[in-house]
Amino acid sequence: MQKYVLTIDQGTTSTRASLIDKEGNVFYKSQQEIKCFFPHDGWVEQDAIDVWLSVLNVINDLLAKTNLTYANIDSIGLTNQRETTIIWDKKTGMPVYNALVWQSRQSAYICDALADKTQLVREKTGLIINPYFSASKIRFILDHIENGQKRAENGELMFGTIDTWVMYKLSSGKIFKTDVTNASRTMLFNINTLEWDDELLRLFNIPKIMLPEVCPSSHFFGYASLLKKNLKICGVAGDQQAALFGQNCVKEGDVKSTYGTGCFVLMNVGEKPIYDKGGLITTIAWQIDEKVIYAIEGSVFVAGASIQWLRDQMRMIKKASESEKYALNCDSCLGVYVVPAFVGLGAPYWDDDCRGAVFGLTRGTTKEHFIRATLNSIALQTKDVIKEMERISSKKIDSLRVDGGASENNYLMQYQSDILSSKVILPKNLETTSLGAAYLAGLASGYWKNIDEISKVHKIQKTFEPKMAQEEVLEIDKKWKKAIEATRIFK
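Residues numbered from 1 in each chain as written. Predicted model: local features only at pLDDT ≥ 70, side-chain atom pairs only at ≥ 80, totals over all residues. Heavy atoms only, no water.

(A) Spotlight on the overall build of the protein. Check the secondary structure of the protein and you find 16 helices and 23 strands. Expected size for 491 residues packed as a compact globule is a radius of gyration near 23 Å; at 22 Å, the protein falls within 12% of this value. Taken over the C-alpha atoms alone, the protein extends approximately 65 × 55 × 40 Å along its principal axes. Sequence separation of at least 24 residues holds for 72% of the intrachain contacts in the protein that already meet a minimum separation of 6. Averaged over its 59 positive side-chain charges, the protein has a centre that lies 3 Å from the centre of its 58 negative ones. (Helix = DSSP H or I, 4+ residues; strand = E, 2+ residues; numbered from the N terminus. Rg over C-alpha atoms; globule rule 2.2 N^0.38 Å. Contact = heavy atoms within 4.5 Å. Lys, Arg positive; Asp, Glu negative; His and termini not counted. Charge placed at Lys NZ, Arg CZ, Asp CG, Glu CD.)

Here's what the structure looks like:
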C-alpha cells in the first residue's frame, strides 16, 4: 500500500493540506482561505474555531478527492503561522478571545513599558521586545477577559500557538504540546536552556501552568485520535523554520528566503546561537533528538504585498504575474527607487514609524519603470538582510535558496542574483514549508531513514547566476541606501 506523509500548513491567509511521497513530491493538496478581522487600526485577529474547522475541511477534501483513507497516511507533519496566540478554557475547549495574529499590534503598549528589559530578553530568547511575539499578546488577552489572571493561575486556561491548538483539537484534548521552534517565538522560552523561563514569566506575569510541554521538532507528539486511533503526529515546526528544513538548508551557513506577503530570510548557524545587537533575531531552526540547530532571521515586512499594491491600489497590473512582463519591457528602472515601507521597515532597520516613498521620478518615467523599480525593492530589501547576516556570521553567502509566490518571477530572481553577486537556487517543489513539516515527521516515524536520504530527494528547478557588473551593483546599492535614509527622515 502506498503511504504518504500528511502535512497541515496553517498559514495566515489560508490552511493547506498536502500528501507527500518518499521522493518529496506533492501528490495532492487542498486549500481553504481564512478570514482576518481588523477591529481597530493595527489589530489583526482570527476566529480560532474557524482556523480549526479549516484544518478539518482541507483534510477531508484531500482524502475525498484522492479516494485515499487514513490507512494510506504514515504520519502527520504540522507547520503554522508563528506567534499567533490563542487562549482557551481547559474545561470547555473553547477560545476565550479571538486569536491574536502575529501581525497584530494591540499589545504594543505592554512592550513599550518594558523597553529597559531589552538586553535581558535578547540574551534569553534571541528576540527583540515587540508585540510581534506571543508574550505581550497573552498578557493582553488575560487583561481583557473577566478574571483572566485568576483563571490562568487556577489552571483553568491554556495557551498555545496555532500548532498547539490544532494538536489539542486533533487529539480530542489529549495533546498539550508545542515544539522548540514555536516556543522560541513566544518571548517566554530560553533558547539556551530550552525551558520556559521563570524570570520572563514573572516579567509578563504569566502563570507557567497555562503553557504547553515543549518537545523536539521531529518527535512523536501523540495520536490524532479524532481522525484515526493510531494516526501519529510526528513533526511540528513554525512555517519559516519548516521552509528552511524543506529547502535542505541543513549545513551551517545555508540560507533561504521565502517571498510571501513579506519576506523571511533565515540562515542556519549551527549548534551554537549567534546573537546580534542590531536588527536580526536569533531563533531555533529545529531540534532532532538531542541536537538543536539555531538560525538568525531577518523579516522584510513588504515583499509580495508590493506587487498586490501595484495590482489593487495602483491598478498598474491585472494580476501579479504580469509584473514580470512589464519589468522586462524596459532596459532599466530609469533611476526610480521605490521604498515600500507601507507599515514601516523591518530588518535590519526596525523602523515602525516611516512610510513608503518613491524617488527619481521624471517626465520620462513610465508604468514599466515603476513596476520594475517596485520588484527591485523586494530584492534590495532582501539584500540588506543578507549583508547583515554576512557581517554577523563572518560568512560570505555564495548561494541563496528561494521559495514563495514571488520566487516564480524570473526577472526578480535574476535581479536578486545580480544585486547579491550570488547564485539564487529555485527548487522544483515550491511547497517547501509543507516539505519541511513532512521531512520532520517522516524522520520521527521512520518514513525516511535520515537527513542524507532526504537530501537526495531534494530537486532543483533552476539556478540564476549573477550577470551584473560590480560597478553597477555598487552604484545601485549607494542610491538605495540614500533612498532608505531619506524615507526614514521624512516622518
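(B) Highlighting the pattern of salt bridges. This model, assessed by the stated rule, comprises 27 salt bridges. Close ionic contact of glutamate 431 with arginine 16 constitutes a salt bridge, the shortest N to O distance being 3.5 Å. Of this pair, glutamate 431 sits in the loop between strand E22 (423–427) and helix H14 (432–445) while arginine 16 sits in strand E2 (residues 14–20), placing them 415 residues apart in sequence. Take arginine 16: its relative accessible area is 24%, and that puts it in the partly exposed class. Salt-bridge contacts for glutamate 83 lead to arginine 185; the nearest nitrogen and oxygen are separated by 2.7 Å. Of this pair, glutamate 83 sits in the loop between strand E5 (73–80) and strand E6 (86–89) while arginine 185 is found in the loop between helix H7 (180–183) and strand E10 (189–190), placing the two residues 102 residues apart along the sequence. (Salt bridge = Lys/Arg side-chain N within 4 Å of Asp/Glu carboxyl O. Buried < 20%, exposed > 50% of the residue type's maximum accessible area, 1.4 Å probe, protein only.)

(C) Structural context of helix H12 (residues 367–393). Its 27 residues place the ends of H12 40 Å apart at the C-alpha level, agreeing with the 39 Å of an ideal helix rising 1.5 Å per residue. Taking burial as the measure, the 27 residues of H12 include 23 buried ones, the bulk of the element. (Expected span 1.5 Å × (residues − 1).)

(D) Representation of the nonpolar core. The biggest cluster of nonpolar side chains holds 117 residues, and the ones touching the most others in it are Leu188, Met210, Met389 and Trp448. The element contributing the most residues to this core is H12, with ten residues. Counting 39 residues, the second-largest nonpolar core is a separate cluster that includes Ile8, Val51, Tyr168 and Leu231. (Core = buried A, V, L, I, M, F, W, Y, C linked by side-chain atoms within 4.5 Å.)

Geometry only, nothing functional implied.
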